[in-house]
Amino acid sequence: MDKIVIEGGKPLYGDVRISGAKNAALPVMASALLTEGTNTFHNIPDLVDIKTIKKLLINMGVQIDGDETCRINADKITHCDAPYDLVKTMRASILVLGPLVARMGVARVSLPGGCAIGARPVNLHLKALEDMGAHVELNSGYIEARAKKLKGADIYFDLQTVTGTENIMMAATLAHGTTVLNNAAREPEVVNLAEVLKGMGAKISGAGTDVITITGVTSLKPAEASIIPDRIEAGTFMIAAGMTRGEINIIGCNPQHLESLINKLRDTGMKITPIKNGLKVSAGKKITSVDVKTLPYPGFPTDLQAQIMAYMAIGGGLSVISETVFENRFMHVSELLRMGADIVIQGGNAIVRGVPKLHGAQTMATDLRASASLVLAALVAEGTTEISRVYHIDRGYETIEKKFSALGADIKRVK
Ligand code: UD1
C-alpha cells in the first residue's frame, strides 16, 4: 500500500491549478441516469471516488467514455442496483437512488454503513422519497424503493443535507407536479447540479437558497456542462501557504465559494488578494489563533475543519474549533498529537494551543480530510513524516504529491 513521505520545513511558492470539485462531479455524473442520449461533462477530476461512481454506473449498463471530459450514455439501464461492495467504499453512491426511482420506477441501493466521521444516516433522503409517493423498504442491508410515478410534494428537511438535497432535486425533475425543498442545502455543488439539470430541460428555481422549487417534466434531454472548481482543494492549498510561511497563487478557484475561509484566514494574519483566474495567498508575519465553527454553506465547511486545525496547531495562541455538522470528526486529533500538537477534545469542541514546532512522525490517514491535515502538518514539521493509508487522500485530492512538490515541498509517494 502506498505511503506519502514528507520532509518538512520548506516554504511553498508558486502556482497551483485547482481541479474540478469531487462533490459536484459525483451528483452530476449520477444525473446522467435521468436522460437518454449522451451527456458530456467537462473538468471531471481524476480521483478514486470518480472511478467508483463510474463502476457503479457501468454496473447498471451505462456506457461511459473519457476522463476529464466524460461522456455518459444511460439509454439502457439494465440493473437498478448499487451493490454493497461499491457503496461501502463511497457513501455518495446513494446519489443514484433518486434518479433511478424517478426514471426507472425502482432502485435497490445498499445502505451506506457508518464511517470514520460518524453514523451519517440517509433517513432524510428516504423520508423525502416517501413523501413523494415512493414505497421504501429496508431489506438485508439494502434500500428498496419503488414508485410508478413520483409525485411532487412539499418536503421539509430536518437538517440541511447536501446529498439529500441533490438526490431529491434529481428525483423531482421527473415527478408529476411541483416539489418544494424547504431547508435545502445551499452549497455551490447543489447549484452546479441544478444548472446541469436545467441544461437537461428541468424546471428548477431557488438553488443556492434554502427553498428550491422543482416542477417535474415528462423527460429530460442530455446536456453538456462543466464541473465547478473544488473549493476544498483550493482551501487546503490556501492553508498550506499560511502554514509554510509561503505564497501560493490558487489558479482556477472561485473566490465567491471561499468567503468564509478567506475571512478566517485573514483574521489569522494572512494576505489574500484576487488575481486573474484566482487568488494570491500569502502568510502573515505571525499566526494569530482564531476560533472556528463548522456550519452548512455559507458557513465554514466541515471538510476544511481538519486542515484549519493543523494550521491552528502552530498558531500563536488558543483556538477553539467546534464541529457542528458531524459528531465524530476529530479522528485526525490523535495523529496530530503524535506530531507534537497540543489539542484537547471536549464534546464537539477541540481546544488547540499553538505550539512553536511540530515534529515528524509515522502517522495514519483515517479519512479523506483528516489525511489532508496530516499532509499540512507534515509540511511544517521538523524531520520526516510518513503517512500511511493514503488511499483516503486519493479519494478526493488529484495528484496531491505532484501539486505540493511543484510548489517546492519535499514530498514523495512510496509504494
Ligand atoms: C456532503 C459532502 C461531504 C461533506 C458534507 C457536509 C458530498 C459527496 N459529500 O456529505 O464531503 O462533509 O456534505 O458538508 O457532497 N444527516 C442525517 N440524515 C440524512 C442525511 C444527513 O441525519 O438523511 C446528517 C448527517 O449525519 C450530518 C448532516 O446531516 O450530520 C449533514 O450531512 P450531509 O450534508 O447529508 O452530508 P453528505 O451529503 O453525506
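Residues numbered from 1 in each chain as written. Predicted model: local features only at pLDDT ≥ 70, side-chain atom pairs only at ≥ 80, totals over all residues. Heavy atoms only, no water.

On to the site of the ligand. Taken together, 18 residues sit near the ligand, with Asn 123, Thr 161, Thr 163, Asp 303 and Val 325 positioned nearest. Between the ligand and Asn 123 there is a distance of 2.7 Å, counted from a nitrogen atom to a side-chain nitrogen or oxygen. Between the ligand and Thr 163 there is a distance of 2.6 Å, counted from an oxygen atom to a side-chain nitrogen or oxygen. Protein chains bury 86% of the 740 Å² of accessible surface belonging to the ligand in isolation. Looking at the shell around the ligand, the elements that each hand over two or more residues are helix H5 (123-131) and helix H6 (162-173). Of the residues in the shell around the ligand, the class split is 8 nonpolar, 7 polar and 3 charged. (Near = heavy atom within 4 Å. Polar contact = N/O pair within 3.5 Å; in protein donor to acceptor, adjacent residues only side chain to side chain. Areas by Shrake-Rupley, 256 points an atom, 1.4 Å probe, with all protein chains shown as cover. Helix = DSSP H or I, 4+ residues; strand = E, 2+ residues; numbered from the N terminus. Nonpolar A, V, L, I, M, F, W, Y, C, P; charged D, E, K, R; others polar.)

This part is about the packing of aromatic side chains. Between two aromatic rings, the relevant description is the distance of the centres plus the angle of the planes. Considering all chains together, one arrives at 1 aromatic pair under this definition. When the centroid spacing of 4.5 Å and the interplanar angle of 35° are considered together, the rings of Phe 237 and Phe 404 count as tilted. A residue pair is termed long-range when its members are at least 10 positions apart, and Phe 237 in helix H8 (residues 231-243) and Phe 404 in helix H14 (residues 400-406) qualify at 167 residues. Each member of the pair Phe 237 and Phe 404 is classed as buried. For Arg 108, the ring lying beneath its charged end belongs to Tyr 142, and the centroid distance is 3.8 Å. (Phe/Tyr/Trp six-rings, centres within 6.5 Å; stacked < 30°, edge-to-face > 60°. Buried < 20%, exposed > 50% of the residue type's maximum accessible area, 1.4 Å probe, protein only. Lys NZ or Arg CZ within 6 Å of the ring centre and 35° of its normal.)

A few words on helix H7 (residues 188-199). The α-helix advances 3.6 residues per turn, and as a result positions three or four apart in sequence lie on the same side. The end-to-end C-alpha distance of H7, which contains 12 residues, comes to 17 Å, matching closely the 16 Å that a straight helix rising 1.5 Å per residue would cover. Taken as a whole, H7 has its buried residues at Pro 188, Glu 189, Val 190, Asn 192, Leu 193, Ala 194, Val 196 and Leu 197. (Expected span 1.5 Å × (residues − 1).)

Pairing in this open sheet of 4 strands is mixed, and the strands run E22-E23-E1-E24 from one edge to the other. Taken across any chain shown, the strands that pair with only one partner, and hence form the sheet edges, are strand E22 (362-364) and strand E24 (410-414). Across this sheet, the average inter-strand angle for adjacent strands is 20°, counted without regard to direction. Looking at chain direction, strand E1 (residues 3-7) and E24 are connected through 5 bridges and run antiparallel. Residue Ile 6 lies in a different strand from E24, and its bridge partner there is Ile 411. (Pairing = 2+ DSSP bridges. Axes fitted to C-alpha atoms, helices over the stretch in contact; angles between N-to-C directions.)

As summarised here, the arrangement of the 4 strands in space is E2-E15-E17-E16, forming an open sheet in which the pairing is mixed. The open sheet has two edge strands, strand E2 (13-17) and strand E16 (271-275), and neither has a second partner. For this sheet, the mean inter-axis angle between neighbouring strands, taken without regard to orientation, is 20°. Across 5 bridges, the pairing between E16 and strand E17 (residues 278-282) is antiparallel. Looking at E17, one finds that Lys 271 is bridged to Ser 282.

What follows concerns the side chain of Arg 231. Following the sequence through the fold, Arg 231 ends up in helix H8. A polar side-chain atom of Arg 231 sits 2.8 Å from a polar atom in the side chain of Glu 189. Apart from the residues within four sequence positions on either side, Arg 231 is in contact with Glu 187, Pro 188, Glu 189, His 257, Leu 258, Tyr 297, Pro 301 and Leu 304. (Contact = heavy atoms within 4.5 Å.)

Before going further, it helps to spend a moment on the domain arrangement of the protein. Assigned domains within the protein: domain 1 (3-19 + 229-414) and domain 2 (22-226). Taking only C-alpha atoms into account, the centre of domain 1 sits 30 Å from that of domain 2. Taken together, the contact between domain 1 and domain 2 spans 22 residues of the former and 20 residues of the latter. Summing both partners gives a buried area of about 1700 Å² for domain 1 against domain 2, and 52% of it is carried by carbon and sulfur. Three residues stand out in domain 1 for area buried against domain 2, namely Tyr 297, Arg 395 and Glu 398, and they jointly supply 32% of the buried area on that side. There are 2 salt bridges connecting domain 1 and domain 2. (Domains from an automatic or database assignment. Buried area = accessible area lost by both parts, 1.4 Å probe. Salt bridge = Lys/Arg side-chain N within 4 Å of Asp/Glu carboxyl O.)

We now examine the packing of helix H4 (residues 97-104) against H6. Closest axis-to-axis distance for the H4/H6 pair is 7 Å, and the angle between their directions is 15°. One finds that H4 runs roughly parallel with respect to H6. For the pair H4 and H6, the sense of crossing is right-handed. Counting all contacts with H4, which are made through Leu 97, Gly 98, Pro 99 and Ala 102, the residues of H6 involved are Asn 167, Met 170 and Ala 171. Of the residues contributing to the contact of H4 with H6, the split by class is 5 nonpolar, 2 polar and no charged. (Parallel < 35°, antiparallel > 145°, perpendicular 65-115°, else oblique. Left-handed = near helix turned anticlockwise from the far one by under 90°.)

So, about the environment of Ile 343. With respect to the secondary-structure elements, Ile 343 resides in strand E20 (residues 342-346). Taking the C-alpha atoms as reference, Ile 343 lies 9.5 Å from Ser 319; in sequence the two are 24 residues apart. Excluding residues that lie within four positions of it along the chain, Ile 343 makes contacts with Met 309, Val 333, Leu 336, Leu 337, Ala 350, Ile 351 and Val 352.

Glancing now at the nonpolar core. The tendency in soluble globular proteins is for nonpolar side chains to be buried side by side. One finds Phe 41, Val 96, Leu 97, Leu 150 and Met 169 to be the most contacted residues of the largest nonpolar core, which totals 79 residues. Broken down by element, the residue count for this core peaks at 6 residues, all from helix H1 (residues 22-31). Sequence-distant contacts of Met 169, that is, excluding residues within four places in its chain, are made with Leu 181, Val 190, Leu 193, Ala 194, Leu 197, Ile 204, Ile 212 and Ile 214. (Core = buried A, V, L, I, M, F, W, Y, C linked by side-chain atoms within 4.5 Å.)

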